[in-house]
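# Examining the three-dimensional arrangement
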Number of protein chains: 2
Amino acid sequence: MKIAYQGEPGAFSEAASRQVNAMADLLPCRAFEDVFAAVNEGRVDYGVLPIENSIGGSIHRNFDLLQQNDLPIVAELEVPVVHHLLALPGTTLPEVKRIYSHPQGLAQCEHFLQTLIGVELIASYDTAGSAKMIATNRMTDAAAIASRRAGEVFGLDVLKAGIQDYEHNTTRFLVIGRKAVSDAPHDKTSIVFTLPNEPGALFKALSAFALRGIGLTKLESRPMPARKWEYLFYMDLKASPEQPACQRALAHLAEIAPTLRVLGSYASCKPT
Amino acid sequence: MKIAYQGEPGAFSEAASRQVNAMADLLPCRAFEDVFAAVNEGRVDYGVLPIENSIGGSIHRNFDLLQQNDLPIVAELEVPVVHHLLALPGTTLPEVKRIYSHPQGLAQCEHFLQTLIGVELIASYDTAGSAKMIATNRMTDAAAIASRRAGEVFGLDVLKAGIQDYEHNTTRFLVIGRKAVSDAPHDKTSIVFTLPNEPGALFKALSAFALRGIGLTKLESRPMPARKWEYLFYMDLKASPEQPACQRALAHLAEIAPTLRVLGSYASCKPT
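Numbering of residues starts from 1 in every chain and runs along the sequence as written. Ligands are numbered from 1 and chains lettered from A, in the order in which they are written. pLDDT decides what is reported in this predicted model: residues at 70 or higher carry local features, side-chain atom pairs at 80 or more are listed and counted, and totals for whole chains, interfaces and linings draw on all residues regardless.

### Side note on the sheet that holds strand β15 (residues 260–266) of chain B
Residue and element names in this part refer to chain B. Which entries qualify depends on this criterion: Note: two strands are recorded as paired if DSSP finds a minimum of 2 bridges between them. Only DSSP runs of H or I reaching four residues or more are called helices, and only runs of E reaching two or more are called strands; each is numbered from the N terminus. Geometry is summarised by axes, namely lines fitted to C-alpha atoms with helices restricted to the contacting stretch, and by angles between N-to-C directions that run from 0 to 180 degrees. Placing C-beta atoms from the backbone, we regard two residues as in contact once those atoms come within 7 Å.
Strand order in the open sheet formed by four strands is β13-β14-β12-β15, and the pairing between neighbours is antiparallel. Only two strands of the sheet have a single neighbouring strand rather than two, namely β13 (216–224) and β15. Here the strands of the sheet are splayed against their neighbours by 15° on average, with no regard to which way each runs. Here strand β12 (residues 188–193) runs beside strand β14 (residues 227–237); their pairing, made up of five bridges, is antiparallel. Bridge assignment links Thr189 to a residue of β14, and that residue is Leu237. Packed onto the sheet, helix α3 (residues 60–68) meets β12, β13, β14 and β15 and runs at close to 80° relative to β13.

Here you go:
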């Protein structure tokens, strides 16, 4: 099995890919677009994409890309996010003048970072990539915020462990493939739809599910670039179209929504 | 009148501030947090914040900051976004090897950027800041994507005008103050609320407005960091609590929502 993910080895997306299949060949990609392309062109079997962090919120780019591509969601999983301050062996905390990480990494360690005086925070492309840069350029006065594994991969020491503000910092990932798979029973469905621009439209759309007792776990709206202040709605349902109630709810929604697409039906990760 | 905004002179937030009051003293701030602080501490009368772009979507950080602060929204306005490619006088397009801008600036000019071969795209803190950097460092092989005014402020020429993908690229801004003002009749209200984690909760919340014929123009959810996969909901209503129906709808919502706060009631910008 081959799996593509965005980022460098040591990225949380790599950990998520290993969780899908510990034996898989992994393909690190520069951008989320490249993950979609690798799956689309058959270079890998699956792509692993972060979709939401419990602190930072949705990764909107991936909602947009799910809609622009035609690759079904086949699974979801959750990965705990534990951030460490990493530096070259020998560097001590008082010597650190600059800290690099993804903007979300910096934001998720705000409490710790506020205890440091006169340290410059620099946003970079990704967490593991920051660790790589410090190792490659032998930066003795800088540190990165990234995973423990990123430190191992690039030969950096842990200067300070577990520096994230919230203990249950978790990222939810989606797995995309070229066709729907059905080994585990599906209990979750992701859809995207548009609505007429009239009062009560969203209320009517939600009625299709609420009146049938089908729960929602996520509602996200994204702009339609070609239509100012109109939106695409993304919704996660606690149900599968294999269940008649869900099938009827989707048919009901289609009466209201000018466009409706099922992005995937899959087994939820059921966090413990 | 004194107004704070985030960014450098030439930023779209500066144009929005000028639109609020062309004669006001303007205070450029490094970060959105600094705009809130400047209003809170009385150093300025108002703060101007981008809240949503018609192509890129919500500016989530400002939703979070509206909720964390206690400064009412007193007005909204829209500013058309026209991006230009700016470079030092004498630099020609074939000489440009790197282009700097805010990630949203780069994303909004994708079609034009794809026509350039071998040019590195570099994400930076803001659009006008990129123009400033090129001017300050006399970078003869680089260009910035920013407003025409940013070029004027920092002495850069327009290499290529109007390079954004979509013609009606527009950013909506909110004005925050220390107390609600009521010179123009209010027809729009922004609220934030939480919901019990049970099926149909959002449907019930929307019923308070839909059943009274009150339209919504925006629904945004943001994570509650301390409670994994639970959300704060932000909603814009086409109504004012001065209207009895809206007042009753808010009382109705308060029966369902454990917490509910009005972020402001103000005159909508009524785009033409």
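### Focus: the sheet that holds strand β15 (residues 260–266) of chain A
All names here are of chain A. A sheet is described by the order of its strands in space; here four strands give the open sequence β13-β14-β12-β15, paired in antiparallel fashion. Every interior strand has two partners, whereas the edge strands, β13 (216–224) and β15, have only one. Adjacent strand axes in the sheet meet at a mean angle of 15°, parallel and antiparallel pairs treated alike. Across the sheet, helix α3 (residues 60–68) lies against β12 (188–193), β13, β14 (227–237) and β15, angled at about 80° from β13, the strand it touches most.

### Describing the interface of chain B and chain A
Note the following rule: Three classes are used, and their members are as follows: Ala, Val, Leu, Ile, Met, Phe, Trp, Tyr, Cys and Pro are nonpolar, Asp, Glu, Lys and Arg are charged, and the others, Gly among them, are polar.
Contact residues are listed per partner, giving 26 residues for chain B and 26 residues for chain A. Mapped by element, the contributors of at least two residues to the side of chain B that touches chain A are α8 (201–210), β13 and β14 of chain B. For the side of chain B that touches chain A, the element with the highest residue contribution is β13(B), accounting for six residues. Looking at side-chain class alone, the side of chain B that touches chain A contains 13 nonpolar, ten polar and three charged residues.

### Some thoughts on the environment of Glu76(A)
All names here are of chain A. Inspection of the secondary structure puts Glu76 in strand β5 (residues 73–80). Each C-alpha atom, one on Glu76 and one on Ala180, is 13 Å from the other, the two residues being 104 residues apart in sequence. In this structure Glu76 touches Arg172, Phe173, Leu174, Lys188, Tyr266, Ser268 and Cys269, once residues within four positions along its chain are discounted.

### Structural notes on the pairing of strand β7 (residues 98–101) of chain A
All names here are of chain A. Direction of pairing for β7 relative to strand β8 (residues 120–123): parallel, over a ladder of four bridges. Its bridge partner being in β8, Ile99 is matched across the sheet by Leu121. Here three bridges tie β7 to strand β9 (residues 142–146), and the two strands are oriented parallel to one another. From the neighbouring strand, Ile99 faces β9, where its bridge partner is Ala143.

### Focus: the relation of the copies chain B and chain A
Relating one copy of the chain to the other requires a rotation about an axis plus a shift along that axis. Rule in force here: Least-squares fitting of one copy onto the other uses the C-alpha atoms of those residues that reach a pLDDT of at least 70 in both copies.
Note on the copies: chain B fits chain A at an RMSD of 0.0 Å, the axial shift is 0.0 Å, and the rotation between them is 180°. Overall, the copies show the geometry of a two-fold rotation axis. When each C-alpha of chain B is compared by its distance to the rotation axis, Phe203(B) comes out closest, at 3.1 Å. Residue by residue, 100% of the interface of chain B is reproduced at the interface of chain A, so both copies engage with the same surface.

### Structural notes on the domain arrangement of chain A
Residue and element names in this part refer to chain A. Test applied: Domain borders in the structure are assigned automatically or taken from a domain database.
Here chain A is described as being made up of domain 1 (2–81 + 169–176), domain 2 (84–160) and domain 3 (188–266). Distance from the C-alpha centre of domain 1 to the C-alpha centre of domain 2: 24 Å. Of the residues lining the interface, eleven residues belong to domain 1; the matching set on domain 2 comes to 15 residues.

### Thoughts on the packing of helix α8 (residues 201–210) of chain A against α8(B)
To keep things clear, this is the line we draw: For any pair of crossing helices, the crossing counts as left-handed if the nearer helix is rotated counterclockwise from the farther one by less than a right angle, and right-handed if it is rotated clockwise.
Across the interface, α8(A) lies against α8(B) with an axial gap of 9 Å and an inter-helix angle of 145°. The element α8(A) and its partner α8(B) pack so that their crossing is left-handed. Each of Leu202(A), Phe203(A), Leu206(A), Ser207(A) and Ala210(A) in α8(A) lies in contact with α8(B), whose residues at this interface are Leu202(B), Phe203(B), Leu206(B), Ser207(B) and Ala210(B). Along the lines of polarity and charge, the residues of the contact of α8(A) with α8(B) split into eight nonpolar, two polar and no charged.

### Remarks on the packing of helix α2 (residues 32–40) of chain B against α3(B)
A packed helix pair is summarised by two numbers, namely the angle formed by the two axes and the spacing between the axes. Residues and elements named next belong to chain B. Cut-off, in case you're wondering: For classification purposes, angles smaller than 35 degrees are called roughly parallel, those larger than 145 roughly antiparallel, those between 65 and 115 roughly perpendicular, and all remaining angles oblique.
The geometry of α2 relative to α3 is characterised by a closest axis approach of 10 Å and an angle of 30° between their N-to-C directions. Classified by the interaxial angle, the pair formed by α2 and α3 is roughly parallel. The two elements α2 and α3 cross, and the hand of that crossing is right-handed. Seen from α2, the contacting residues are Phe32, Glu33 and Phe36; seen from α3, they are Arg61, Asn62 and Leu65.

### Side note on unusual backbone geometry
Located in the positive-phi region is Trp229(A), a residue other than glycine, with phi close to 60°. Here Trp229(A) lies in strand β14.

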